[in-house]
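# Architecture at a glance
Given next are the chains, with one letter for each unit.
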Amino acid sequence: MHTFFLAVAIVLTLLILLTLYRVVAGPTVLDRIVGLTVLGAKTTVLLLLIGLLFDDVGMFVDIALAYALLNFIAVLGATRFFLRRRSVNLEDEQIAKEEVR
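What counts and what doesn't
Residues numbered from 1 in each chain as written. Predicted model: local features only at pLDDT ≥ 70, side-chain atom pairs only at ≥ 80, totals over all residues. Heavy atoms only, no water. Helix = DSSP H or I, 4+ residues; strand = E, 2+ residues; numbered from the N terminus. Contact = heavy atoms within 4.5 Å. Patch = residues over 30% accessible without salt bridge, like charges linked within 9 Å, V, L, I, M, F, W, Y side chains within 5 Å. Areas by Shrake-Rupley, 256 points an atom, 1.4 Å probe, with all protein chains shown as cover. Salt bridge = Lys/Arg side-chain N within 4 Å of Asp/Glu carboxyl O. Buried < 20%, exposed > 50% of the residue type's maximum accessible area, 1.4 Å probe, protein only. Core = buried A, V, L, I, M, F, W, Y, C linked by side-chain atoms within 4.5 Å. Axes fitted to C-alpha atoms, helices over the stretch in contact; angles between N-to-C directions. Parallel < 35°, antiparallel > 145°, perpendicular 65-115°, else oblique. Left-handed = near helix turned anticlockwise from the far one by under 90°. Nonpolar A, V, L, I, M, F, W, Y, C, P; charged D, E, K, R; others polar. Expected span 1.5 Å × (residues − 1). Phe/Tyr/Trp six-rings, centres within 6.5 Å; stacked < 30°, edge-to-face > 60°.

We now examine the environment of Leu-36. Turning to its location among the elements, Leu-36 is positioned in helix H2 (residues 29-53). Considered as a pair, Leu-36 and Leu-20 are 16 residues apart in the sequence and their alpha carbons are 7.9 Å apart. Not counting the four nearest positions on each side in its chain, Leu-36 is found in contact with Val-23, Asn-71 and Val-75.

Printed below as a string of structure tokens:
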């Protein structure tokens, strides 16, 4: 069973790297914020898988819950920041529309 959890953790780590690319190179601010949310969810699951691998799920559940809460607060803060700075948001949207054309 440990081999299965290890394989899932490795695949999830590769998916986290793909999500990290979206956060860094996202064409719009919205893509980056959604990427951060997905990154936080995948990292929370990865922490739980690490807890299963080390046979100490109780400690890693606490860490995963704390990380998920911090990720939620950070995404809310980033969203409010970018909503207040509409000029940055509109510039990114215009660039994305020009790239599509």
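On the surface, Leu-6, Ile-10, Leu-14, Leu-17, Leu-20 and Val-24 cluster together into a nonpolar patch covering about 570 Å² of accessible area. Along the chain, the position of Leu-14 falls in helix H1 (residues 2-25). Given the relative accessible area of 52%, Leu-14 is considered exposed.

Phe-5, Ala-9, Leu-12, Ile-16, Leu-39, Leu-46 and Leu-49 together form the largest nonpolar core, which totals 7 residues. Secondary-structure elements contributing two or more residues to this core are H1 and H2. Looking at which element gives the most residues to this core, the answer is H1, with 4 residues. Other than its neighbours up to four places away in sequence, Leu-46 contacts Ala-9, Leu-12, Thr-13 and Ile-16.

Despite not being glycine, Asp-55 has its phi angle at roughly 55 degrees, a positive value. By the secondary structure assignment, Asp-55 is in the loop between H2 and helix H3 (57-84).

Running from N to C, H1 and H2 point in directions that differ by 160 degrees, and their axes come no closer than 9 Å. Taken together, the axes of H1 and H2 lie roughly antiparallel to each other. Judged by the sense of rotation from one axis to the other, the crossing of H1 with H2 is left-handed. Its residues assigned to classes, the contact of H1 with H2 shows 19 nonpolar, 5 polar and 4 charged.

Another point: H3. Here H3 is 28 residues long and its end C-alpha atoms lie 40 Å apart, about the 40 Å a rise of 1.5 Å per residue gives. Regarding H3, the residues found buried are Phe-60, Ala-64, Asn-71, Val-75 and Ala-78. On the buried face of H3, the contacting elements are H2.

This paragraph deals with the packing of aromatic side chains. Taken as a whole and assessed by the stated rule, the structure comprises 3 aromatic pairs. Their ring planes at 55 degrees and their centres at 5.9 Å tell us that Phe-4 and Phe-5 sit as a pair that is tilted. A relative accessible area of 18% means that Phe-5 is categorised as buried. With 5.2 Å between their ring centres and 70 degrees between their planes, Phe-81 and Phe-82 make a pair best called edge-to-face.

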